[in-house]
Each structure stands twice: as structure tokens, then as C-alpha cells.
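# Topology and contacts: notes
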Amino acid sequence: MDLCGRSQRGALREASRKQASPRRWSRVNGWSWPLHTFQAVAWTTLFVLAFANFGIFVPLLPPNWNLVIYGVTGGLFCFHFVVHLLAISIDPAETNVRLKNYSEPVPTFDPSKHTHVIENQYCHLCEVTVNKKAKHCRACNKCVSDFDHHCKWLNNCVGGRNYRCFFCSLVSASASLLFLITILLYVFIQYFVSPEEVRTHPLYEDVSKDTWLLFLPLFPVKTKTLVVLGIGVFVLLLSALSLLLLGHLLIFHLFLSMCPDPHSSLCPLRSNMAQDEVCWPLLETSTSDKSQEETPLEGQQGSFCSEACRGHERA
Ligand SMILES: [Zn+2]
Ligand SMILES: [Zn+2]
């Protein structure tokens, strides 16, 4: 009786343990649930800066520059918008993972059965064979071909299939920010040196010196100098911070491209860095953020990607 009772209690404990760690579905791309806060911050920043650039500051430039700057910054914005969308929307998963069509949730890793998630080019979670450069991403819960890193700003993994879009997105965003900062510095300098140079639109003839017009030429909105200066300082600080982060990442990836095998953990630039820290080294190491992503997968020791790397190296 006692044995039976213990057995039942053991079975119940086992059943409740299984209930506590349900199988997780894999995420398809950056639009799959759950969305990430950083993703919303990235899109909000993009639209705030575009709004300020096209609606407020480019119209303050001299008329002969206006159309050229509209064309250049407009072209860069459209290009960035397209490659940014593609980097989020492309599924970077291994071919065999995509062929499975995400029809079933992924099993929970059992460390009593396997030492590593990927062994001999077989992923025990995706239950498919994978290529040598694939790694199983903890956040996406799937194997990604030519894994580079998991980017929280895109809310998607960056791998061989979307790396070019990610890189073009970095280059176009950095170039756009450089243009915007240059425009802002020109407007600030002219405001203090010769304000009439930034008040060339004919509508300025009918307003006082303390009045400025936003959203020229289509929807002119009157406002005071202090408001324009406040917006200018805010946009300048936001642009400088964004350029600092993007430039840092861009330079890292430019150096990485010089490595013979940039996706390998053997690349010296990656050797001392967890794979998921590559996106934004300044922000990604948040302990609370990491613990949220690591909690659902029980029985794992250390970085999921590092486990996968060691699996490959052993194989
Ligand atoms: Zn996998
Ligand atoms: Zn991922």
C-alpha cells in the first residue's frame, strides 16, 4: 500500500513538474509573439526621428539645398525601412526546421539524456539534422543557420538568411543619423549666427521673429522659439545616442567581417562574448532581462548558444 502510495505521489510530482514546464513553440520571425520592448523602442525612435527630419528641420534649410536633402534622406529612410522590415520578417531558421513548418511545440531539453542540445549535427529540441554553423537560439527556440546573434531590437535571430539585411539596416541607419545630426548642427549654428538663413520660406514674412513654422510647406504650424529649440536638443541627443549604439555595432561587424569565419565561436572577436550579447553589448547584459528568457527552459547550464557551440566543437 505504502509503495503504491509513494508511487502515486511520485507520479503526481512528475506530472506536476511536467505541467510546470510545458513544451514551448518556436518563434517564426520578429513578428511572432511575444513582441519585445526594445522592438517598440526601435520603431518609435525611427518614426520620431523621421518626423523631425522631414517635418521640422529639412524645411529650415536654404531652398537650393532643400530638394537634394529631401531626396538623399528620403532615399536612405525608404531603403532602411525596407531592409529593417526584411531583417525582422525573414525566418533565419535551418532548412530542416522550416520544412517542419513549426507544426508542433519543441520538447523540453532533458540533461539526463543528452549532454548538449546539438550533438553530431542533430538538434535534440528541433529533432532535425542541422549544418555545422547552426545554433539553437533560446529566445526563438529553434536552430538558426549560420547563427550570428539574437537581436532584441529586431526581436529576431540574425543568421545567414537575413544577415545582409541586418547589415544594410545598420549602414543605412548610421548614414541617416549622420545626415540628421549634420542638419541639426547647421540649423543650431545658423540660428545663433544669422537666423534669417533658416527662415527663408515666404510664410516667414508674415510672422514675428519669435514665431517659427513647423511642417512646412504643406501644414504650417506656428510655434515659439523655445519649443523649436527644445525639440532640436531632444532630437540631437536622441540621434547622438542612437548613432553611438549603432556605430558601435557597425564597427564591431566591420571588424567581424575581416575574420575568416565570422560566425564561428573560434573567431577571436566572439571568443570572450556570449553570442546573444553581440547585438547591443551595452544593453543586452541586463540580468533581469536574461533571466526572463532563460526561465522557461529548465535543466540548462550557462548560455544556450554556448552549449550548442560546445556540441559542434565536440562533433
Ligand atoms: Zn534546435
Ligand atoms: Zn533567436
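None of the values given here were measured: they were computed from a predicted structure. (Residues numbered from 1 in each chain as written. Chains lettered and ligands numbered in written order. Predicted model: local features only at pLDDT ≥ 70, side-chain atom pairs only at ≥ 80, totals over all residues.)

In this section: the overall build of the protein. The helix and strand inventory of the protein stands at 9 helices and 9 strands. Counting only residues that meet the buried cut, the protein has 32% of its 315 residues in that class. Long-range pairs, those at least 24 residues apart, make up 67% of the contacts in the protein with a sequence separation of at least 6. (Helix = DSSP H or I, 4+ residues; strand = E, 2+ residues; numbered from the N terminus. Buried ≥ 20, exposed ≤ 12 C-beta atoms within 10 Å, placed from the backbone. Contact = placed C-beta atoms within 7 Å.)

Further remarks concern the nonpolar core. Counting 49 residues, the largest nonpolar core has Phe57, Ala87, Cys123, Cys143, Val144, Phe166 and Ile183 as the members making the most contacts within it. At the level of secondary structure, the elements contributing two or more residues to this core comprise helix H2 (37-57), helix H3 (63-89), strand S5 (142-144), strand S7 (156-158), helix H5 (163-193) and helix H6 (225-256). Ignoring sequence-local partners within four residues, the contact set of Cys123 consists of Val117, Ile118, Val128, Val130, His136 and Cys143. (Core = buried A, V, L, I, M, F, W, Y, C linked by C-beta atoms within 7 Å.)

Per the UniProt record, "transmembrane region" (unreviewed entry) is found at residues 40-61, 67-90, 170-193 and 226-256. Helix makes up 82% of residues 40-61 and strand 0%, with an end-to-end C-alpha separation of 31 Å. As a span, residues 226-256 carries 100% helix and 0% strand, and end to end its C-alpha atoms are 45 Å apart. (UniProt positions renumbered as here; feature names shortened; annotations may be inferred.)

Mapped onto the fold, Arg98 is located in helix H4 (residues 95-100). On the basis of neighbour counts, which here come to 16 C-beta atoms within 10 Å, the residue Arg98 falls in the partly exposed class. Sequence spacing of Arg98 and Cys143 is 45 residues, and the spatial spacing of their C-alpha atoms is 9.6 Å.

With that out of the way, let us pick up the environment of Leu46. With respect to the element layout, Leu46 can be found in helix H2. With 17 C-beta atoms packed within 10 Å, Leu46 lands in the partly exposed category. Each C-alpha atom of the pair Leu46 and Ser239 lies 9.8 Å from the other, and the pair is 193 residues apart in sequence.

Turning our eyes to something else, we now look at the sheet that holds strand S2 (residues 122-123). If you walk across this open sheet you meet the 3 strands as S1-S2-S3, and the pairing is antiparallel. This sheet does not close on itself; its edge strands, each paired only once, are strand S1 (118-119) and strand S3 (128-129). Relative to S3, S2 runs antiparallel, the two sharing 2 bridges. Directly across from Tyr122, in S3, lies its bridge partner Thr129. (Pairing = 2+ DSSP bridges.)

If you check H6, its first and last C-alpha atoms are 46 Å apart, about what 32 residues at 1.5 Å a residue would give, namely 46 Å. Taken as a whole, H6 has its buried residues at Val228, Val235, Ser239, Ser242, Leu246, Leu249 and His253. The secondary structure elements touched by the buried residues of H6 are H2, H5, strand S8 (211-214) and strand S9 (221-224). (Expected span 1.5 Å × (residues − 1).)

Before going further, it helps to examine the packing of H5 against H6. Relative to each other, H5 and H6 sit at 145°, their axes nearing to 9 Å. Relative to H6, H5 is oriented so that their crossing is left-handed. Contacts between H5 and H6 involve Phe167, Leu170, Val171, Ala173, Ser174, Leu177, Leu178, Leu180, Ile181, Leu184, Val187 and Phe188 on the former and, on the latter, Gly232, Val235, Leu236, Ser239, Ala240, Ser242, Leu243, Leu246, Gly247, Leu249, Leu250 and His253. (Axes fitted to C-alpha atoms, helices over the stretch in contact; angles between N-to-C directions. Left-handed = near helix turned anticlockwise from the far one by under 90°.)

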